[in-house]
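Residues per chain are reported as follows:
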Amino acid sequence: MIGLISATAAGAAARDRLAAAWPGRTRVYDGPVGDAVRAAFAECEQLVCLLATGAVVRLVAPLLGDKVSDPGVVCVDEGGRFAVSLVGGHAGGANDLARAVGEVLGAAPVVTTATDAVGLPGLDTLGLPVEGDVAGVSRALLDGEPVALAAEVDWPLPPLPLAAAGSYTIRVTDRAVAPAEREVVLRPPSLVVGVGASRGAPVAEVLELVEGALREAGLSAASLAALATVDAKAGEPGIVAAAERLGVPVVTYPAEQLAKVEVPNPSDAPLAAVGTPSVAEAAALAAGGQLLVPKRKSAGTPATATCAVVRRPGRGRLAVVGLGPGARDLLTPRAKAELRRASVLVGLDQYVDQIRDLLRPGTRVLQSGLGAEEERARTAVAEARKGRAVALIGSGDAGVYAMASPALAEASDDIDVIGVPGVTAALAAGAILGAPLGHDHVSISLSDLHTPWEVIERRVRAAAEADLVVTFYNPRSRGRDWQLPKALAILAGHRAAATPVGVVRNASRPDESSRVTTLAGLDPATVDMMTVVTVGNTATREIAGRMVTPRGYRWQEEPR
């Protein structure tokens, strides 16, 4: 919950805007400001104080305990110009809250945390349990001192400026080891414990079994990702309660699936009870990975629970990111976040240049020139399979005539794939022209480098006969100068010569140009590969210099 405190009418107006933007997430505190701050500090995870910074400092200072448990506090001036992350920038989420407040109020977020200021991810913001000398290692990264990565478990991390060796270390491990001097230990969620239980197995017995198995194997409970079991035990109280106390979910599998998993210690008892010769080992192995602890029984007499432990490999992460048509303000916030999250960026060299300033220090860039699309796709998937966080970029939307198709053709289910949509060239051009895509429409690439012209021509004819608005991508190049005239001639067989045609070059970029002409008046020689050509349907009209295609309900006015 986010507590909102204000003292004046101007502050209350901004407060109410935040409350309206975040329904169900905020609580307004009225009354004397001091009482309101104290109550919100005790009851909320975060605070937004629409007060002078000095006043907020004096009010929260006596309440501060430690950076781990204190709520994040953001201070906003009553003019709504600045949102200052005051307390709990990382642990309390105040840095992200300041940015969120800025988006709602149009305020500039003020973040002074050292790592954020220079574009480094905070070690305590990676989403992994962290122990050790966080401040010392962070300072070493900031000062450019060599910090080594010791990854006992491969896990996708954001970019960090790491060295092959150094006097400071970031260790990624699921072992129960204490951090050494000048070391930070990150605990990835790499362990899955399979659990079998008799009906009514006590939670204490299940919990003691799981914790004991991890402890005796030298493994950290902080790296536990889930308890796994058979579907029939999904609601078993002892398993469910143990998972709640451990802070992990319960993952279940059908008995027929577990029965197919080869295990070292099958048994007739679970086969008779739930239909599979193994629950603990099979459920753990179903998550994928290496069996570290084979089946063991609980200490009860008789034993009511069994468990087994698996280490699952870190799954690489491939984000296929659409950069939009070129303008920075048409690059989505989600795309920016993925670019900053990736430790490896793969893309066409000219696209890399567009967004290089958004990358975090330490990002490894793998770029290549035109014509290497399949190679880039293979490279991105290969990097993700090494357990890395990868961003593969393309212009417009990466799924439209771009990198998503070749990448997903290479990728299997051994990596996570995230698609990040972008504003397409057709949409950007359409917005510039007016509303040419107001009804059914189709995009067709006129490049026959990958598609035979016979197929392209068949699609153009189908679009012409169906009276669809058509947007042509890749309309003309020096080596392909006859395809556009041919396509226009096909459309002219079904549409009037006066049909509006929009021509947009370099949509959204500084040298953008556009014009509306007609099907008969378009000179193909004025079109190149940087151009998008949109041909209206029989209902499209030019109104005040703009292309408009009606939505199909009723065309209100005949053309003059």
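Provided above is the structure to which this section pertains.
**As for the pairing of strand S5 (residues 82-87)**
Strand direction decides the pairing type here: strand S4 (residues 72-76) and S5, joined by 4 bridges, are antiparallel. Each bridged residue has a counterpart across the sheet, and for Val-76 the counterpart in S5 is Ala-83. Pairing analysis gives 3 bridges linking S5 to strand S6 (residues 108-110), with the strands arranged parallel. In the strand pairing of S6, Phe-82 is matched with Ala-108. Remark: the S5/helix H4 (residues 94-105)/S6 crossover connection has right-handed handedness.

**As for the packing of aromatic side chains**
Here a ring pair, both rings aromatic, is described through the centre-centre distance and the interplanar angle of the planes. Per the stated rule, a full pass over the model turns up 2 aromatic pairs. Taken together, a centroid distance of 4.7 Å and an interplanar angle of 55° make the contact between Tyr-401 and Tyr-473 tilted. Here Tyr-401 is found in the loop between strand S19 (389-394) and helix H15 (404-410), whereas its partner Tyr-473 is found in strand S23 (residues 469-473), with 72 residues between them in sequence. Classification of Tyr-401 by relative accessible area gives partly exposed; the value is 44%. The buried category is assigned to Tyr-473, whose relative accessible area is 11%. Taking the centre distance of 5.0 Å and the plane angle of 70° together, the rings of Trp-453 and Trp-482 count as edge-to-face. Linking Trp-453 in helix H17 (residues 453-465) with Trp-482 in the loop between S23 and helix H18 (483-492), this pair joins segments that are 29 residues apart in sequence. Exposure remark for Trp-453: the relative accessible area of 10% places this residue in the buried category. By relative accessible area, which is 43% here, Trp-482 ends up partly exposed. One Lys or Arg, Arg-25, reaches over the ring of Trp-22 and ends 5.2 Å from the middle of that ring.

Each value, and the rule that gives it
- Residues numbered from 1 in each chain as written.
- Predicted model: local features only at pLDDT ≥ 70, side-chain atom pairs only at ≥ 80, totals over all residues.
- Heavy atoms only, no water.
- Pairing = 2+ DSSP bridges.
- Helix = DSSP H or I, 4+ residues; strand = E, 2+ residues; numbered from the N terminus.
- Right-handed = clockwise from strand over helix to strand, strands pointing away.
- Phe/Tyr/Trp six-rings, centres within 6.5 Å; stacked < 30°, edge-to-face > 60°.
- Buried < 20%, exposed > 50% of the residue type's maximum accessible area, 1.4 Å probe, protein only.
- Lys NZ or Arg CZ within 6 Å of the ring centre and 35° of its normal.

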